[in-house]
2 protein chains.
Amino acid sequence: MKISTSCALAAFLAACSSAPTALYATPVDTVVRKPRPRYIPGEIPDPDYVRIFDTTLRDGEQSPGATLTSQEKLEIARMLAKLGVDIIEAGFPIASPDDFAAVKQIGDLVGNEVDDDGYVPVICGLSRAFPKDIERAWDAVKGAKYPRIHTFIATSPIHMETKLMKTPDEVVEIAVNAVKFAKSLGCNDIEFSPEDAGRSDPEFLLRILSAVIKEGATTLNIPDTTGWNMPWEFGGLIKTLRENVEGADKVVFSTHCQNDLGLATANSLAGALNGARQLECTINGIGERAGNASLEEIVMALALKGDSNFQGGPGTGRLYTSINPVYISPTSKMVSEYTGMICQPHKAIVGANAFKHESGIHQDGMIKNKSTYEIMTPESIGLMRGDSQSGAGIVLGKHSGRNAIGTRLKELGYDLDQDKLNAVFDRFKQVAEKKKGGLEDEELEALVLDQAGMTNSLWKITGLQVSTGMSGIPTATVKMIGPDMVERYVATTGTGPVDAVYKAIDLILGVSVELETYQMSAVNEGIEAMAVTRVTISPKEGGPNDAPSINAQSGEFTNRKFSGSGSDTDIMTSSARAYVSAINKLLSWNARRSQKLAADQTKLDADEGKITSESVAAEPMSVTEIA
Amino acid sequence: MKISTSCALAAFLAACSSAPTALYATPVDTVVRKPRPRYIPGEIPDPDYVRIFDTTLRDGEQSPGATLTSQEKLEIARMLAKLGVDIIEAGFPIASPDDFAAVKQIGDLVGNEVDDDGYVPVICGLSRAFPKDIERAWDAVKGAKYPRIHTFIATSPIHMETKLMKTPDEVVEIAVNAVKFAKSLGCNDIEFSPEDAGRSDPEFLLRILSAVIKEGATTLNIPDTTGWNMPWEFGGLIKTLRENVEGADKVVFSTHCQNDLGLATANSLAGALNGARQLECTINGIGERAGNASLEEIVMALALKGDSNFQGGPGTGRLYTSINPVYISPTSKMVSEYTGMICQPHKAIVGANAFKHESGIHQDGMIKNKSTYEIMTPESIGLMRGDSQSGAGIVLGKHSGRNAIGTRLKELGYDLDQDKLNAVFDRFKQVAEKKKGGLEDEELEALVLDQAGMTNSLWKITGLQVSTGMSGIPTATVKMIGPDMVERYVATTGTGPVDAVYKAIDLILGVSVELETYQMSAVNEGIEAMAVTRVTISPKEGGPNDAPSINAQSGEFTNRKFSGSGSDTDIMTSSARAYVSAINKLLSWNARRSQKLAADQTKLDADEGKITSESVAAEPMSVTEIA
């Protein structure tokens, strides 16, 4: 088998000469969804069907500061199921006890919530190519109706030499053994990724991929880990592999494209054009460095153009997914709030400006025919046009009852349980008392998110008083109630008022954290608008609140960062709530870790010194010492 | 001439089968720059050279809220010249008197600042295909060494029918006359764009493009106005046009790709692959809706892969630009601060996380070999690694002198004149007095930007006092000094403290504006960090501070929005400064408009009723009434 590495782009040129052009595009109002084919691990009954593999909870959560609590992960997983993604990569179970618990909960719950059409998402856990990782991943996902293990090892020369310090032969052996081990656990849905495939030798990829198919791998994922490929280059790689890997007909080819040059979406689509039938992506395109391919961009590109522009692979080339795009906007908002990773205003599809046109005194062109400048409508992705245009704005004031709030929140896509609704309603009453004009939808949503950060909160702020200005010394008095129900208060000064408030909170809580980021924005227009504050904190390294977990790529321990948000009409109050919410997250995460360590200790004692695979889960593993 | 519209993607597939793959990528530390070919309007002496056409000041500034002052535009244009862009589209001169003045100033100054290598950017002005627009554009740019007129008309069926209400024959006639008219003014560098080319009939494009070449168009720009095209589709369009337009050898083909599906960068690169030798783009990818192709993504993709992956057009296919990428990061920061359009953390190349790796306890992999996960170094785009890593941090405290501040700012890329340095130094002393730990680089930069918003300020805040908290009524006292040098003060209450402060400012100034957006963030880590506040305001429609200008696409008047920013250790002070800075921008803009209208009136009186082309510049023109 010979793979030419010379350039054959003259053929691309020829292909381009008669690309189809739709002369008249009408904006997509609602996307017609074809029935989803039955789920079988290594094959798709309809060769035109493209599986959407969402890795927001794994690769996305790896972004600096994007740490999610188990509860937030569960809520996002439920939203992803509403959106209709085929596979949810729920996490990297060996990273920490909290990561394991989150994946297991999603597998046990969301992985068994079969809808009326028989759909339930596959729940996938990531593992390095080590038995301990794989066992841990399998324990986490095996409760799901369709569990999947995703295992990987790097295959590029630079990664094998520098990071793994292994020969290619050793790498093939590790990969083969990993897939064999996963199979031996009873898993029949195994995904394998050659990390940094975009910079790997295609000959070597053919060898390792052919080998893992023999052991039972059912999905072959091709990651462009460093975002190095041009679309035609990556498309070419997929084509080469699909045509030359031995046993290619027994597996589904997948793309996983990083965005370092801004090409992740284009590369994923070039993969689909060339026969990849699983596309890995994240909501809002979040992920380490420049992030991943955006689910919303890939899905809407296929919804708009899948029918006419993808005749490059098997089947008729009229590609489709089963994503219900009206959930795109709510999912995007939830992920952005929970991770603290905000989209820029000009982010495609979900950015604040994506459907905003510079408003004219007469917006004739737009009103006459929206498709002049819009290739899809905001409604198609679940975004309702602003109140000023539709006139449908609902404002809730201090006399509005619990039912009215619950009903409006349900209309906005928030289905809260009674406890949570009560908590949101209490906050609503506090805020509505101060805000005479009443609360608009965005403000109501901000309160839901503010309250989300306070669920199971360990510490609460009960009083706050601030005095500041251009001259004089910023001074804050903070009163808090702790898990012991004792109220404490302290007054401090600071460089600025936020500094003063945060110092006061630190004094009361006695925590050892650093403020990494601090952001605030008004949730809607007007000077009376509520503000939402978002912060990221990290425990001081080696300090009492250290929060280590294993990084999937480097194999090293990293200190988790935690985000928090708070909303109020008073920016000092929202700032204080955000900080306390982040600290509460950190403290809960640590509490779970301590429980886990204590339980392991008990187990260790009981087993008279026998170390279980679980008890080492929270220990670091160097890449060299295993394998 | 026959153009097939059937799909020929099998050929793309063939092309992909042997795309070149570099097996080992070493990160780009410094980009080797070849000499820039001599500038000739309709031809490029080296067929491998790709011109970079920056439209940040025109298309980017069209983003909602991104309005820039003439001074800010001039600073950005100077930075773009340092970056080495070939063409600066400086604005849409007929839009308003302020837009005209800004383009003229850039043409007269930056357009004549020839560097030691003989380089000076082409200065381009946009105009619709109407004589009045073209005349105004020419008046604005003709002072530049290399002036260019860019004229356009829509060619897609939906735009011609719905927006223009013209037949294709009429559209061709208007385009031909526009180019002829531009030529008659003495302009020999004429760019023509068929708007919405991505959804136009290729046959019609061939007709109109062939016709404008005959009249002297030298650059043919192909806009995918609604972001509708897939990369192979757009590449195909460029190829079709380049091969079939009559007189194609006399012009340079150009791309202009919108980002509605996240494909703007990929489409631009597919254009280059197929022979486009001018790429239009904006810094940070800003622009209406989902924005434009990002200059930094296009430029770095060509720097990394131009040598090996672009053999699709004329020449050897070893493409290069003359951009000096070490100015990418400073330019990105400047544009983001001045426009208020913030990049998301995972924005490729210039996002805060683009080079940030989740920090491990041991970052061995990264330290050992940066190229494991980095395909370019942050230094290559002018971003210095954080102080914590390099240990090179410099902290300036209250005893630091004016020279130390000036020197450090120069090292950071800010070359301030004496007045500005004095103003920044005064602010530095104020802030350093309060901030015991001294100021880091990011904080010094924030002060430069804070001060930029106060240059020629009409109103200044001289005193501020705020009291707020969870109970009690937020109360603010504000003292200001106006252009009349009279000091006024007022105390007010509000829903929150920002509300109270802004109401007080409104009361003193008597302006009629609405707050559109309000954002704040800490400029670096730690609770003592300075905060920068960014706001956008819009004048109330029809009110005394109305700020109308013509939208290039719709041809309608739109009300300008203005952004402002302020920095301080005290968030109430930074909030107040940001609001006043935005209002000062609005008032200056309006002052210029009033001067212009008064001058026109004088001229009108002098001419005894003869209306000059300039006096109607600020009037709206419906598309039907002209032509």
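Keep in mind the model is a prediction, meaning the values are calculated, not measured.

Conventions and cut-offs
Residues numbered from 1 in each chain as written. Chains lettered and ligands numbered in written order. Predicted model: local features only at pLDDT ≥ 70, side-chain atom pairs only at ≥ 80, totals over all residues. Heavy atoms only, no water. Domains from an automatic or database assignment. Contact = heavy atoms within 4.5 Å. Buried area = accessible area lost by both parts, 1.4 Å probe. Least-squares fit on C-alpha atoms with pLDDT ≥ 70 in both. pLDDT = per-residue confidence, 0-100. Helix = DSSP H or I, 4+ residues; strand = E, 2+ residues; numbered from the N terminus. Polar contact = N/O pair within 3.5 Å; in protein donor to acceptor, adjacent residues only side chain to side chain. Phe/Tyr/Trp six-rings, centres within 6.5 Å; stacked < 30°, edge-to-face > 60°. Buried < 20%, exposed > 50% of the residue type's maximum accessible area, 1.4 Å probe, protein only. Lys NZ or Arg CZ within 6 Å of the ring centre and 35° of its normal. Disulfide = S-S within 2.5 Å. Core = buried A, V, L, I, M, F, W, Y, C linked by side-chain atoms within 4.5 Å. UniProt positions renumbered as here; feature names shortened; annotations may be inferred.

*Asks:* How should the domain arrangement of chain A be read in this particular structure?
*Replies:* Accessible area lost upon the coming together of the parts is a frequently used measure of interface size. Residue and element names in this part refer to chain A. The domain architecture assigned to chain A consists of domain 1 (50–339), domain 2 (384–451) and domain 3 (456–589). Averaged C-alpha coordinates put domain 1 and domain 2 at centres separated by 37 Å. The interface is formed by five residues belonging to domain 1 together with four residues belonging to domain 2. The contact between domain 1 and domain 2 buries some 420 Å² in all, and 51% of this surface belongs to carbon and sulfur atoms. Together, K333, E337 and Y338 form the three largest contributors to the area buried by domain 1 at its contact with domain 2, with a combined 56%.

*Asks:* Looking at this structure, I do not really get the relation of the copies chain B and chain A. What am I missing?
*Replies:* Each copy of the chain is related to the other by a rotation around an axis and a translation along that axis. Mapping chain B onto chain A leaves a residual RMSD of 0.1 Å; the transformation is a rotation of 180° accompanied by 0.0 Å of translation along its axis. Expressed as a symmetry operation, the mapping of one chain copy onto the other fits a two-fold axis. Residue by residue, 98% of the interface of chain B is reproduced at the interface of chain A, so both copies engage with the same surface.

*Asks:* How should the confidence of the model for chain A be read in this particular structure?
*Replies:* Atomic detail in the predicted coordinates should be set aside for any region of low pLDDT. All names here are of chain A. Mean pLDDT over chain A works out to 84, with 84% of the residues at or above the 70 mark. A low-confidence stretch, residues 1–25 stays under pLDDT 50, and its non-local contacts, those more than four residues away or across chains, total 81 contacts. Low pLDDT (under 50) marks residues 359–367, which in the prediction has 14 contacts with non-local residues, meaning those over four places away or in another chain. Confidence estimates for the predicted assembly give a pTM of 0.83 and an ipTM of 0.82.

*Asks:* Any chance you could explain the side chain of E61 of chain A here in plain terms?
*Replies:* All names here are of chain A. If you trace the backbone, E61 turns up in the loop between α2 (56–60) and α3 (70–83). Only 2.9 Å separates the side chain of E61 from the backbone nitrogen of L68, close enough to count as a polar contact. With residues up to four places along the chain from it excluded, the contact list for E61 reads T56, A66, T67, L68, K73, D99 and R560.

*Asks:* Which parts of the structure should I look at to understand the packing of aromatic side chains?
*Replies:* The description of an aromatic ring pair rests on the distance of the ring centres and on the angle between the ring planes. What the rule picks out here adds up to 12 aromatic pairs over all chains. Centroid distance Y49 of chain A to Y320 of chain A: 5.3 Å. Interplanar angle 65°. Geometry classified as edge-to-face. Of the two residues, Y49 of chain A is situated in the loop between α1 (9–16) and β1 (51–54) and Y320 of chain A in the loop between α11 (295–305) and α12 (328–339); the sequence distance between them amounts to 271 residues. Residue classification places Y49 of chain A among the buried positions, given a relative accessible area of 1%. Relative accessible area serves as the criterion here: at 10%, Y320 of chain A is assigned to the buried category. Here the aromatic rings of W232 of chain A and F310 of chain B are separated by 5.3 Å at their centres, their planes lie at 85°, and the arrangement is edge-to-face. With one member in each of two chains, W232 of chain A in helix α9 (residues 231–244) and F310 of chain B in the loop between α11 (295–305) and α12 (328–339) form a pair that bridges those chains. An aromatic cluster is built from Y502, Y518 and Y579 of chain A, whose rings are joined through pairwise contacts. In this arrangement the basic side chain of R136 of chain B is found over the ring face of F100 of chain B, its NZ or CZ atom lying 3.8 Å from the centre.

*Asks:* It is not clear to me how the state of the cysteines should be interpreted in this structure. Could you clarify?
*Replies:* A disulfide bridge is the covalent bond that connects two cysteines by way of their sulfur atoms. Enumeration according to the criterion identifies zero disulfides over all chains in this entry. With no disulfide of its own, C343 of chain A lies closest to C343 of chain B among cysteine sulfurs, the gap being 12 Å. Using a relative accessible area of 16% as the deciding quantity, one classes C343 of chain A as buried. There is no disulfide at C257 of chain B, and the cysteine sulfur nearest it, in C281 of chain B, is 10 Å away.

*Asks:* Before we go on, may I ask you to explain the nonpolar core in this structure?
*Replies:* As a rule of thumb, soluble globular proteins bury nonpolar side chains together. Of all hydrophobic cores here, the largest spans 214 residues; its most connected members are L261 of chain A together with L261 of chain B. Aside from chain neighbours lying at most four places away, what touches L261 of chain B is T265, E297, M300, A301, L304, A348, I349, I375 and M376 of chain A together with G227 and M230 of chain B. Counting 74 residues, the second largest nonpolar core, distinct from the first, contains V478 and I583 of chain A together with I461 and M480 of chain B.

*Asks:* Help me understand the UniProt feature "domain: Pyruvate carboxyltransferase" (unreviewed entry) in chain A in this model?
*Replies:* Taking the UniProt record as the reference, the feature "domain: Pyruvate carboxyltransferase" (unreviewed entry) is found at residues 50–320 of chain A. The span residues 50–320 of chain A is 42% helix and 17% strand, and its two end C-alpha atoms sit 6 Å from each other.

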